[in-house]
Every structure is written in C-alpha cells, then in structure tokens.
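Breakdown of the fold
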Amino acid sequence: MAVTMKGKDVISIHDLTVEEVWQVIKTAELIKLRHKTGEPYRPLAGKTLGMIFQKPSTRTRISFEVAMLQLGGHAINLAASELQLKRGETIADTARVMARYLDGVMIRTYAHSDVVEFARHADVPVINGLTDLLHPCQALSDLFTLYEKFGRLAGLKLAYVGDGNNVCHSLMFGAAKVGMTLHVAHPEGYAPDEEIARLATGDAAATGARIILGTDPEAAVRDADAVYTDVWASMGQEEEAEERRKVFGPYQVNEALLRLARPGARFMHDLPAHRGEEVTDAVMDGPQSIVWDQAENRLHAQKAILALVL
Ligand code: CP
Ligand code: NVA
C-alpha cells in the first residue's frame with residue numbers, strides 16, 4: 001500500500017515510518033529504471049527547490065540539482081554566506097520568506113538544530129542535506145544501493161568501521177527501520193551519540209534489526225555482507241584531523257580487514273574519501289568496491305524523495 005509523503009520534511013530517518021523508508025527505496029528503483037530506459041518522468045514541472053549550503057558539497061549539490069531538472073523542475077543554489085543570514089537575518093525569518101517562493105528547501109548546515117529551526121518556520125518540505133548529526137539522504141540512498149545489490153535488506157549484516165559520526169548515525173537509523181544488523185566499530189571516545197543509539201535500538205526492536213556498538217573492527221567485519229567507512233575527520237573537525245589520524249589507524253579498511261568479511265563482501269563509502277587514511281586505494285579501486293554506484297544512487301534516491309514530498 002502506497003503511503004503519501006506529500007509535504008513531509010526529511011530531517012531524520014528516525015522520523016520516517018518503515019513504510020515510508022520502503023516507499024523511498026521502491027520509488028528510487030522505479031525512477032532509476034525509467035531513467036535508464038529513457039522514459040520521461042516530470043512530476044515536478046514548475047516546481048523549484050532552494051538549496052542552502054553552509055558547507056562544501058560535490059555529490060549532494062550536483063545530484064539534487066540534476067534531480068530537480070530531470071523531474072521537470074528547477075533548483076537554485078544558495079550559499080549561506082551570500083544570503084542575508086550572513087548579516088544576521090534569523091533562520092526563522094529566512095525560512096518564512098523562502099517558503100513563499102519555493103516548493104521545497106534542501107539545507108546543509110553545521111548545527112543540526114539549524115535545520116530543525118528552519119523546518120519549524122518553513123511551511124514547505126525541508127530536506128536535510130547533512131548536518132553535524134545526521135545525513136539521511138546518504139543513508140536512504142545507501143539502503144537503496146544495498147537493496148539493488150542483494151535483493152533484500154532484512155537480515156543483511158553491515159559493518160561500519162570508523163567515526164561514530166553523522167553518516168554512522170543515519171545508517172543506524174536506516175538499518176533499524178529495515179531489519180538489518182549494523183555492527184559499528186569505533187575507537188574509544190568516538191562512539192555514536194548515545195541518544196541516537198537509544199532511539200535506533202528502540203526502532204530496531206520493531207523490525208528485528210540489531211544495532212551493535214563496539215571497538216573491535218575485526219568483530220564488526222566478521223560475516224559482514226558489506227563494510228562501510230567514512231572520513232576520520234568530518235567537515236568542521238579540521239583542527240582535530242592530526243589527533244584523529246593517530247587514534248584511527250587500526251580502523252583503516254584495507255585488504256586484510258576486508259578479507260575477514262564474507263567472500264565478495266561489498267565495500268561502501270559515502271565519499272569524499274581520504275585515500276590512505278580510512279581506506280586504501282586497493283580497497284577503493286578493488287572489485288568489491290561499490291562506491292561509485294553509491295554516488296550515482298544519490299541521484300535516483302533523491303529524485304524519489306523529491307517526487308514523494310514536493
Ligand atoms: N556524500 C556526500 O554527501 O558528498 P558531498 O559532501 O560531496 O555532497
Ligand atoms: N562525515 C562526513 C560526510 C561527508 C559527506 C562529513 O560530515 O564531513
């Protein structure tokens with residue numbers, strides 16, 4: 001049964017129902033097929049998405065802009081530094097005004113509370129394009145990629161090796177909704193947020209998912225169907241990068257670690273990668289890597305999100 005998501009914000013996967021998560025995945029599959037067969041699909045003709053970026057972006061910016069174009073609509077890129085926000089106009093007032101022009105807003109910020117505040121005052125759908133806390137569009141796309149590769153999600157084991165960061169948090173919420181096992185291995189002191197872990201574990205109880213947190217990368221990777229990593233220092237943590245490089249060394253995904261996963265296990269990374277740090281060239285460029293499919297699927301999954309909520 002299709003559920004309507006019109007008008008809905010996409011700020012956290014935790015706020016979506018299991019049916020809504022599956023609706024995004026199934027719609028992405030259909031939209032990708034249509035795109036590959038050249039069948040036009042323009043449900044957003046005449047609609048405009050605003051995109052606010054406080055942080056750099058390659059994938060998110062391009063894939064959202066292309067997504068709107070392919071769906072028959074239009075996207076406007078707005079660097080936060082070029083808006084009156086920079087001169088002190090409040091987030092609330094900016095949101096109220098932008099909602100009078102736009103049919104939806106995608107926003108990438110540092111503080112997660114900025115996206116929540118924006119959404120509270122914008123009466124159009126707001127899509128989280130990454131905050132310090134969460135990256136829901138990435139994780140929804142990644143669920144779609146895993147579904148494409150394995151034909152199912154429930155019962156799969158995903159290992160996440162590295163920092164308990166925004167990407168890790170959204171993967172925890174995503175895995176919990178679809179009944180996967182997610183085993184996170186993080187260095188001491190770099191665990192995922194406790195509240196996120198509590199909420200994800202609560203969601204997992206309803207679907208048979210398992211969210212396991214620990215510090216042993218080998219234990220995480222053992223029997224994994226896919227092994228995921230992300231940068232050791234995220235945007236905004238540049239001054240910590242050197243300290244983190246010392247701590248995270250044993251958490252590098254290299255051929256030796258990947259060999260402990262299931263034969264043929266897939267390697268995943270949201271990108272951009274710091275080659276030689278969290279992942280070696282041999283793994284990134286090796287036969288088990290599906291990182292470019294992940295990047296491509298941002299387009300299809302976000303087209304699904306936009307077509308569903310705008
Ligand atoms: N994965 C991701 O969101 O990439 P960008 O920072 O390039 O958008
Ligand atoms: N954790 C990374 C993800 C980049 C897409 C960051 O926040 O910089």
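In short, a report on the structure.

Conventions and cut-offs
Residues numbered from 1 in each chain as written. Chains lettered and ligands numbered in written order. Predicted model: local features only at pLDDT ≥ 70, side-chain atom pairs only at ≥ 80, totals over all residues. Heavy atoms only, no water. Pairing = 2+ DSSP bridges. Helix = DSSP H or I, 4+ residues; strand = E, 2+ residues; numbered from the N terminus. Axes fitted to C-alpha atoms, helices over the stretch in contact; angles between N-to-C directions. Expected span 1.5 Å × (residues − 1). Contact = heavy atoms within 4.5 Å. Polar contact = N/O pair within 3.5 Å; in protein donor to acceptor, adjacent residues only side chain to side chain. Phe/Tyr/Trp six-rings, centres within 6.5 Å; stacked < 30°, edge-to-face > 60°. Buried < 20%, exposed > 50% of the residue type's maximum accessible area, 1.4 Å probe, protein only. Lys NZ or Arg CZ within 6 Å of the ring centre and 35° of its normal. Near = heavy atom within 4 Å. Areas by Shrake-Rupley, 256 points an atom, 1.4 Å probe, with all protein chains shown as cover. Nonpolar A, V, L, I, M, F, W, Y, C, P; charged D, E, K, R; others polar. Core = buried A, V, L, I, M, F, W, Y, C linked by side-chain atoms within 4.5 Å. Right-handed = clockwise from strand over helix to strand, strands pointing away.

Turning our attention to the sheet that holds strand S8 (residues 226-229). Pairing is parallel across the open sheet formed by five strands, whose spatial order is S7-S6-S5-S8-S9. Pairing within the sheet leaves two strands with one partner each, and these edge strands are strand S7 (210-214) and strand S9 (266-269). Averaged over all pairs of adjacent strands, the angle between their axes in this sheet comes to 20 degrees, without regard to strand direction. Sheet analysis places S8 next to S9, joined by four bridges and oriented parallel. Among the inter-strand pairings, Tyr228 is bridged to a residue of S9, identified as Met268.

Turning our attention to helix H7 (residues 194-207). For H7, which comprises 14 residues, the first-to-last C-alpha distance of 20 Å matches the rise-based estimate of 20 Å (1.5 Å per residue) to within 8%. In the core, the buried residues of H7 are packed alongside helix H6 (166-178) and S7. Its side-chain oxygen 3.0 Å from the backbone nitrogen of Glu195, Asp193 forms the N-cap of H7. Phi turns positive one or two residues past the end of H7, at Gly208, with a value near 85 degrees.

In this structure the tally under the stated criterion is five aromatic pairs. With a centroid separation of 6.5 Å and 65 degrees between ring planes, the pair formed by Phe248 and Tyr251 is classed as edge-to-face. We classify Phe248 as buried; its relative accessible area is 0%. Given a relative accessible area of 8%, Tyr251 falls into the buried group. The cationic tip of Arg34 hangs over the ring face of Tyr41; the distance from NZ or CZ to the ring centre is 4.3 Å.

Near ligand 1 you find Ser57, Thr58, Arg59, Thr60, Arg108, His135, Gln138, Asp270, Leu271 and Arg298, and these make up its full shell. Interatomic distance of 3.0 Å between a side-chain N/O atom of Gln138 and a nitrogen atom of ligand 1. In isolation ligand 1 exposes 250 Å². Once the protein is present, 96% of that is buried. For the shell around ligand 1, a count of residues per class yields one nonpolar, five polar and four charged.

Contacts to ligand 2 come from Leu130, Asn165, Asn166, Val167, Asp230, Val231, Ser234, Met235, Asp270 and Leu271. Within the contact set of ligand 2, a nitrogen atom lies 2.7 Å away from a side-chain nitrogen or oxygen of Asp230. Within the side chain of Ser234, an N or O atom sits 2.7 Å from a nitrogen atom of ligand 2. The residue inventory of the shell around ligand 2, partitioned by class, reads five nonpolar, three polar and two charged.

Attention shifts here to the nonpolar core. One finds Ile127, Leu153, Met172, Met180, Leu182 and Leu306 to be the most contacted residues of the largest nonpolar core, which totals 62 residues. Setting aside its immediate chain neighbours within four residues, Leu182 contacts Leu158, Tyr160, Leu171, Met172, Ala175, Arg210, Ile211 and Ile212.

Moving on, we get to the pairing of strand S1 (residues 48-53). Of all the six residues making up S1, six are buried; the element is thus mostly covered by neighbouring parts of the structure. Of the two faces of S1, both are covered, the one formed by Thr48, Gly50 and Ile52 as well as the one formed by Leu49, Met51 and Phe53. Two elements, S1 and strand S2 (residues 74-79), share six bridges in a ladder whose sense is parallel. Looking at the pairing, Ile52 lines up with Leu78 of S2. A crossover connection joins S1 to the parallel S2 through helix H2 (residues 59-70); in handedness this β-α-β unit is right-handed. Where S1 lies against strand S3 (residues 104-108), five bridges are found, and the strand directions are parallel. From the neighbouring strand, Met51 faces S3, where its bridge partner is Met106.

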